[in-house]
Amino acid sequence: METLHFDLHQPLGGFKVLNATNGGPWHKRHVADQWRSNFADYKAARIPYSRNHDSNLSSTIYGGPFAHDITAIFPDFDADVDDPQSYDFACTDESVLVTLEAGTETFFRLGQSIEHQIKKHDTLPPADFEKWAKICEHIIRHYNEGWADGLHLNIQYWEIWNEADLDGDDSTNKRTWGGTKAQFFDLYEITAKHLKSCFPQLKIGGPALAGHMDWAESFLQEMRRREVPIDFFSWHIYCTEPKHLLDRAENVRRIMDACGYTDAESILNEWNYVKGWEQDFVYSIEAIHGMKGAAFTMACISACQPSSVDMLMYYDTRPSAFCGAFDFYTYRPLKGYYPLYWYGMFYDMTHEIRCTAPAENLYTLCGVDKHGKTLTVVTYYTDDDHAPPKEVRVDFGKPGQYEVYRLDETHDGTLETTTEDLSFTMQANTCVLLKEI
């Protein structure tokens, strides 16, 4: 029997933003035929931020290829940067607004979606870095200051490019940044300095690191040398264990601090379960869409609450192979939806309580609301597909009545029982939510 103790006399702070995503609700406000929508379910999960990277790869929603990317918003790079007629905002506006209608703010990626095609087009370096920075400025003015018949949304997070480190300078298949590392450093410096001079109150950051830590250190050292402001450092990881994620997080934080960016946020804005990108890729996708992926998601969210990560953004909730939250065809919730939904409930908690005696492969979240009632999630996650069940007991040091909700192969976060007995059997890669009543 694994006993999980929670000392209710040791309250901590509130809960971080850990159920943010890439991709907004799958919903069209402007059509009535072929109607499908996950809007209500997406909104119910209380997702605070949606990063709009890769959203234009979804042809059926978000405006498809006519939204989000700089080349979609400003299609003719030779056009006048100060002329509103040079910009095409309609589809991006709709995506931002329908997402906001669901209670979710846009985390705006300024750049280009990944290109897997044999020939790259829009991931090549802009012909004029200063002009590119001014285009970004006008996009921000459109969404925050009403420029070009725009909006007044006060979007806070603006990210410069995505995964420029993914493929090295010598690669013949550069999927995200077609230039050199040195060229990207110049683009980032020029853009960040220009945008901060125009909008000192906004959070300007990047570079959405794919995962090369030597590249990250070189980037941060050079940005510090050039006195480039960085409000947040964004990075990515795909792995099979929460420990891998936590180890990367501490390494990222260490490098940020060493380079003088102690006040910058550490934002993990792409992550998911991936065992491998070649022979194990199909297995990884199958895992993402089932209970293993759901348990991995809940375990990572739980593990990041006490970590140095400031924000988590699941990749992703757009229609794609990486979406474990919604069915591609029906838009209905999958197993992976419920960790996002359950975590949204913790925003109602006034403070966190941590497990005083963690157990191997068991991940916990516990909060207390303003009435002193607890909300707790216990996750049994392991990458071992043949792991035996665990006998688990939860101890709050006091009696109480609890609703027990199960997330497993046969339960979709549904109420199983109401009980005072918090001892139960957990199969590998399952979750239990305990709500005190």
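Since we're looking at a predicted model, the values are computed, not measured. (Residues numbered from 1 in each chain as written. Predicted model: local features only at pLDDT ≥ 70, side-chain atom pairs only at ≥ 80, totals over all residues. Heavy atoms only, no water.)

Q: Sorry if this is basic, but what is going on with the nonpolar core here?
A: Soluble globular proteins tend to pack their nonpolar side chains together in the buried interior. Counting 108 residues, the largest nonpolar core has Ile139, Trp158, Phe184, Phe219 and Trp271 as the members making the most contacts within it. It is helix H9 (residues 291-304) that contributes the most residues to this core, 10 residues altogether. Sequence-distant contacts of Phe184, that is, excluding residues within four places in its chain, are made with Ile160, Trp161, Ala164, Trp177, Pro207, Trp215 and Phe219. Listed in part, the 21 residues of the second largest apolar core include Tyr380, Tyr402, Val404 and Phe424. (Core = buried A, V, L, I, M, F, W, Y, C linked by side-chain atoms within 4.5 Å. Buried < 20%, exposed > 50% of the residue type's maximum accessible area, 1.4 Å probe, protein only. Helix = DSSP H or I, 4+ residues; strand = E, 2+ residues; numbered from the N terminus. Contact = heavy atoms within 4.5 Å.)

Q: I would appreciate a short explanation of the sheet that holds strand S6 (residues 203-209) in the present structure.
A: The strands making up a sheet associate through hydrogen bonds between their backbones, and the pairing can be parallel or antiparallel. Strand order around the closed barrel formed by 8 strands is S2-S3-S4-S5-S6-S7-S8-S9, with parallel pairing between neighbours. Going from strand to strand, the sheet's axes swing by 30 degrees on average, the running direction of each strand aside. Sheet topology places strand S4 (residues 105-110) next to strand S5 (residues 157-160); 3 bridges connect them, and they run parallel. By the bridge assignment, Arg109 is partnered in S5 with Glu159. Sheet strands touched by helix H6 (residues 213-225): S6 and strand S7 (232-239). Its angle to S6, the strand with the most contacts, is close to 150 degrees. (Pairing = 2+ DSSP bridges. Axes fitted to C-alpha atoms, helices over the stretch in contact; angles between N-to-C directions.)

Q: So what exactly am I meant to see when it comes to unusual backbone geometry here?
A: Most of the time, phi is negative for any residue but glycine, and the peptide bond is trans. The omega torsion across Gly206 and Pro207 is 0 degrees, close enough to zero to call that bond cis. Position of Pro207 relative to the elements: it lies in strand S6. Of note, the phi angle at Trp161 is positive, near 65 degrees, even though the residue is not glycine. Checked against the element boundaries, Trp161 lands in the loop between S5 and helix H5 (181-198).

Q: Could you clarify how one ought to interpret the environment of Asn269 in this entry?
A: For Asn269, the location among the structural elements is in strand S8 (residues 265-273). Separated by 150 residues in sequence, Asn269 and Lys119 have C-alpha atoms that sit 27 Å apart. In this structure the side chain of Asn269 is engaged in a polar contact, spanning 2.8 Å, whose partner is the side chain of Glu159. (Polar contact = N/O pair within 3.5 Å; in protein donor to acceptor, adjacent residues only side chain to side chain.)

Q: Is there a simple way to explain the pairing of strand S16 (residues 423-426) in this structure?
A: Along any regular strand, the residues point their side chains to alternate faces of the sheet. Here S16 shows a buried face lined by Phe424 and Met426 and an unburied face lined by Ser423 and Thr425. Pairing between strand S13 (residues 390-395) and S16: 4 bridges, direction antiparallel. Residue pairing in the sheet places Lys390 in a bridge with Met426 of S16.

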